[in-house]
Amino acid sequence: QVQLVESGGRLVQAGGSLRLSCAASGRTMPAMNWFRQAPGKEREFVASINWNGGITYYADSVKGRFTISRDNAKNTYYLQMISLKPEDTAGYYCAASRLLSTWPRPEDMEYWGKGTLVTVSS
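Presented here is an overview of the structure given in this document. (Residues numbered from 1 in each chain as written. Predicted model: local features only at pLDDT ≥ 70, side-chain atom pairs only at ≥ 80, totals over all residues. Heavy atoms only, no water.)

1. Some thoughts on the overall build of the chain
So, point 1. A tally of regular secondary structure across the chain gives 0 helices and 11 strands.
So, point 2. When the helices and strands of the chain are listed from N to C terminus, the series reads β-β-β-β-β-β-β-β-β-β-β.
So, point 3. Within the chain, buried positions represent 44% of all 122 residues.
So, point 4. Taking the contacts inside the chain whose residues are at least 6 apart along the sequence as the reference set, 59% of them involve residues at least 24 apart. (Helix = DSSP H or I, 4+ residues; strand = E, 2+ residues; numbered from the N terminus. Buried < 20%, exposed > 50% of the residue type's maximum accessible area, 1.4 Å probe, protein only. Contact = heavy atoms within 4.5 Å.)

Structure, rendered in structure tokens:
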């Protein structure tokens, strides 16, 4: 069993930065992922990382602005976000999966956190 708890979401102005954290407990999963879901929209992939942090994938919409990383000693995963835009406003969810994919789907995830809200004001 794996438990995931996200933190770090808050209101921020456009152009600002934010770092989200995902604290994991239980066994280490091969891949960790961040998804987001805006009001009225489907949950979408943001970024993923393999077990040792050597491989990462990003959605085109966040490439160059978001960075996913992991600290295995702390069993914690991060999403550093810079140059935030109003369209980044969403609930951000940490998810664990058995396989690393270039385009993870929500249905491929085994475990989910409850999410943390990011609001970017214009």
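2. A few points about the packing of aromatic side chains
Two aromatic rings are characterised by how far apart their centres lie and by the angle between their planes.
So, point 1. The final tally for this structure, using the stated rule, is 4 aromatic pairs.
So, point 2. Taken together, a centroid distance of 5.3 Å and an interplanar angle of 70° make the contact between Phe 45 and Trp 103 edge-to-face. Here Phe 45, found in strand E5 (residues 44–50), pairs with Trp 103, found in the loop between strand E9 (90–97) and strand E10 (111–112); they are 58 residues apart in sequence, far enough to count as distant.
So, point 3. A relative accessible area of 4% means that Phe 45 is categorised as buried.
So, point 4. With a relative accessible area of 53%, Trp 103 lands in the exposed category.
So, point 5. Each member of the aromatic cluster is reached from another via a ring pair, and the members are Phe 35, Phe 45, Tyr 93, Trp 103 and Trp 112.
So, point 6. Seen from the ring of Tyr 93, Arg 43 lies directly overhead, with NZ or CZ sitting 3.8 Å from the centre.
So, point 7. Here Arg 43 stacks its cationic end above the ring of Trp 112, 4.7 Å away from the centre of that ring. (Phe/Tyr/Trp six-rings, centres within 6.5 Å; stacked < 30°, edge-to-face > 60°. Lys NZ or Arg CZ within 6 Å of the ring centre and 35° of its normal.)

3. What to know about the sheet that holds strand E1 (residues 2–7)
So, point 1. Sheet architecture is open: 4 strands sit in the order E1-E3-E8-E7, paired in antiparallel fashion. In this open sheet, the two edge strands, each paired with only one partner strand, are E1 and strand E7 (66–71). Across this sheet, the average inter-strand angle for adjacent strands is 15°, counted without regard to direction. (Pairing = 2+ DSSP bridges. Axes fitted to C-alpha atoms, helices over the stretch in contact; angles between N-to-C directions.)

4. Overview of the pattern of salt bridges
So, point 1. Under the defined criterion, the tally for this structure stands at 8 salt bridges.
So, point 2. Glu 44 is paired through a salt bridge with Arg 36; the nearest N and O atoms lie 2.6 Å apart.
So, point 3. A relative accessible area of 6% means that Arg 36 is categorised as buried.
So, point 4. Here Arg 98 and Glu 110 are joined by a salt bridge, their closest N and O atoms 2.1 Å apart. Of this pair, Arg 98 sits in the loop between E9 and E10 while Glu 110 sits in the loop between E9 and E10, and the two are 12 residues apart along the sequence.
So, point 5. In this structure Glu 110 comes out as partly exposed when scored by relative accessible area, which is 30%.
So, point 6. Through salt bridges with shared partners, a single network forms among Arg 36, Glu 44, Arg 65 and Asp 88. (Salt bridge = Lys/Arg side-chain N within 4 Å of Asp/Glu carboxyl O.)

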